[in-house]
Structures are given as structure tokens and as C-alpha cells.
Amino acid sequence: DAKTTQPPSMDCAEGRAANLPCNHSTISGNEYVYWYRQIHSQGPQYIIHGLKNNETNEMASLIITEDRKSSTLILPHATLRDTAVYYCIVRASTDSWGKLQFGAGTQVVVTP
Amino acid sequence: SAVISQKPSRDICQRGTSLTIQCQVDSQVTMMFWYRQQPGQSLTLIATANQGSEATYESGFVIDKFPISRPNLTFSTLTVSNMSPEDSSIYLCSFRGTGTKNEQFFGPGTRLTVL
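Notes on the structure follow.

**Concerning the state of the cysteines**
Covalent bonding between the sulfur atoms of two cysteines defines a disulfide.
Residues and elements named next belong to chain A.
Next up, step 1: Considering all chains together, one arrives at two disulfides over all chains under this definition.
Next up, step 2: In this model, Cys 22 is linked to Cys 88 through a disulfide, with the two sulfur atoms separated by 2.1 Å. The sign of the -80° torsion about the S-S bond sets the Cys 22-Cys 88 disulfide as left-handed. Pair noted here: Cys 22 is in strand E2 (residues 18-23) and Cys 88 is in strand E8 (residues 84-92), with a separation of 66 residues, a long-range link.
Next up, step 3: Take Cys 88: its relative accessible area is 0%, and that puts it in the buried class.
Next up, step 4: The cysteine Cys 12 is free of any disulfide, with Cys 22 supplying the nearest cysteine sulfur at 18 Å.
Next up, step 5: Since its relative accessible area comes to 7%, Cys 12 is described here as buried.

Here's what the structure looks like:
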């Protein structure tokens, strides 16, 4: 699986949009971009994933560049409960086992 | 979505002893995974547990240290053997959902402290 690079930390004001970047310049054509988050003292939680099109769900939006070498997770209106470590993970669609390889992630702190 | 639980939620153990962590899912799942999260670190995959076969371990992890059982499609155990303080970590189990998202669901974790 391709390696991802994320900033170690980000601060965001409550109510504002949080834009979390991820670099995956070695991504292959059959690899998806997945985002998970881990709130303190909890297990990771799935947020969203995509292949090449932008995606949106009730939690967030995922913007993938046309060359697929980077992506941005957008939390449209950050709340204090969004304070967590956010992980960007690249995984091949052919990986039937489904195991995930976590990087260091981005610690997001949402402040009042 | 399925519910996944772990027992114990936390424990404090003496070095040289072993601890078995249980993971229960409320529906049948094919693959289960065990992860370790050392203090202040990200998650590291220990092994993949498939029902009816031996677990597959990642580089740096061996069966003698982390034996895993998978007796049925809803249950798995991870044993941390002959513990040392370096084994102090959070241990998490997970499984892959069957929907089109291919998302993984994680248990709440077991916080282990070895003295």
C-alpha cells in the first residue's frame, strides 16, 4: 500500500471548516483513500473514502486531486467533539483481507 | 452496524505474567484484526485472525508472544505472553464490514499496564 504524509497537528476554531491535507504521491490506480479518526480513549472510526471522485457524507467531504496524489478531508462545521487524531490511509481495492496500515495521523484540536 | 466489545477494558499486570484479551462481535465476521497502540503512537497491526486457520502475523510479531485464537465467527482472543513493561499499550480488535464501504469497525480497546 502507498505511504501517506499528513501534518502532525492542526488547530481549528469551533464552527469553522477544518481542511485536513494528505499527500499520497505514490498511490496506485487501484488504491482507495480512506479516512478514519480516533477520539481520545476510543477505537478508530471510519469517516469516508474515495477512489477519484469527490465524496460527501453526513460527517465530511473528501476532495481528491485529479492526479490523485493528494486529498483533503473537510469537516464543514467543526465542533469540540471533532477533536481527534485523523488518519489518512491508502488501501488497494484488491486487498480482500481489509487490513489497515495506520500512519502517524493529524492531531486536530477544535477550540471554542 | 455490528457491535464489537472487548474484555477487560483495562488491566495492570506484573512482568512475566500473561493476559488474555477477549473480543466479541454481535454478528458473524470473516476476518478479525488485532492492533497495538503504544503510548502516544499510532496503531500497529499485530495479526489477522481468520476463523478455522492460524492467524497471520505482521513483521515483528510472533505467535509465541501473541497467540491468537479464533474459535468461531463472532469471537477472538489475543494473549500477551511473558509480559514486560514494553508491552504496556492499548490493544484493539477490529473487523471488516460486509458493505460496499469495506470499512473496519474497532473495539474500544484494552489498556494494559505492565509493572
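Let's pick the thread back up.
**Digging into the interface of chain B and chain A**
Next up, step 1: Contact residues are listed per partner, giving 21 residues for chain B and 21 residues for chain A.
Next up, step 2: Buried area between chain B and chain A, summed over both chains or domains, comes out near 1600 Å², and the portion from carbon and sulfur atoms is 51%.
Next up, step 3: Our enumeration of links across chain B and chain A arrives at zero salt bridges.
Next up, step 4: Linking chain B to chain A there are four residue pairs in polar contact (both at pLDDT 80 or more).
Next up, step 5: Only strand E4 (31-37), strand E5 (43-50), strand E9 (89-96) and strand E10 (104-106) of chain B provide two or more residues apiece to the side of chain B that touches chain A.
Next up, step 6: Residue contributions to the side of chain B that touches chain A peak at four residues, all from E4(B).
Next up, step 7: Broken down by class, the residue content of the side of chain B that touches chain A amounts to eight nonpolar, eight polar and five charged.

**Some details on the sheet that holds strand E8 (residues 75-80) of chain B**
Residue and element names in this part refer to chain B.
Next up, step 1: The strand order across the open sheet built from four strands is E1-E3-E8-E7, with neighbouring strands paired in antiparallel fashion. Only two strands of the sheet have a single partner each, and these edge strands are strand E1 (4-7) and strand E7 (68-72). Direction aside, neighbouring strands of the sheet carry axes that sit 20° apart on average.
Next up, step 2: With four bridges connecting them, E1 and strand E3 (residues 19-25) associate as antiparallel partners. Looking at E3, one finds that Ser 5 is bridged to Gln 24.

**Quick notes on the pattern of salt bridges**
Residues and elements named next belong to chain B.
Next up, step 1: Evaluation of the coordinates by the stated rule reveals two salt bridges over all chains.
Next up, step 2: Of the charged contacts, one joins Lys 65 and Asp 87 as a salt bridge, the two residues approaching to 2.7 Å between their closest N and O atoms. Remark: Asp 87 occurs in the loop between E8 and E9 and Lys 65 occurs in the loop between strand E6 (56-57) and E7; sequence separation between them is 22 residues.

**Here's the deal with the pairing of E8(B)**
All names here are of chain B.
Next up, step 1: Of all six residues that make up E8, six are buried, and the element is covered over most of its length.
Next up, step 2: Residues of E8 alternate between two faces, with Phe 75, Thr 77 and Thr 79 on one and Ser 76, Leu 78 and Val 80 on the opposite face, all of them buried.
Next up, step 3: When E3 meets E8, the two strands line up antiparallel, connected through six bridges. Within E8, the residue paired with Thr 20 across the bridge is Thr 79.
Next up, step 4: Bridge count between E7 and E8: three bridges; the pairing is antiparallel. Paired with Ile 68 across the two strands is Leu 78, which belongs to E8.
Next up, step 5: The turn linking E7 back onto E8 is made up of two residues.

**What to know about the pairing of strand E6 (residues 61-64) of chain A**
Across a regular strand the side chains alternate sides, sitting on one face of the sheet and then on the other.
Residue and element names in this part refer to chain A.
Next up, step 1: Sheet topology note: the strand E5 (residues 55-56)/E6 ladder contains two bridges and is antiparallel. Among the inter-strand pairings, Glu 55 is bridged to a residue of E6, identified as Leu 62.
Next up, step 2: Hairpin connection of E5 to E6: four residues between the antiparallel strands.
Next up, step 3: Across four bridges, the pairing between E6 and strand E7 (residues 70-75) is antiparallel. In the strand pairing of E7, Ser 61 is matched with Ile 74.
Next up, step 4: A loop of five residues connects E6 with E7, the two strands running antiparallel in sequence, and Arg 68 in this loop sits at a positive phi of about 65°.

Definitions and limits used
Residues numbered from 1 in each chain as written. Chains lettered and ligands numbered in written order. Predicted model: local features only at pLDDT ≥ 70, side-chain atom pairs only at ≥ 80, totals over all residues. Heavy atoms only, no water. Disulfide = S-S within 2.5 Å. Helix = DSSP H or I, 4+ residues; strand = E, 2+ residues; numbered from the N terminus. Buried < 20%, exposed > 50% of the residue type's maximum accessible area, 1.4 Å probe, protein only. Contact = heavy atoms within 4.5 Å. Buried area = accessible area lost by both parts, 1.4 Å probe. Salt bridge = Lys/Arg side-chain N within 4 Å of Asp/Glu carboxyl O. Polar contact = N/O pair within 3.5 Å; in protein donor to acceptor, adjacent residues only side chain to side chain. Nonpolar A, V, L, I, M, F, W, Y, C, P; charged D, E, K, R; others polar. Pairing = 2+ DSSP bridges. Axes fitted to C-alpha atoms, helices over the stretch in contact; angles between N-to-C directions.

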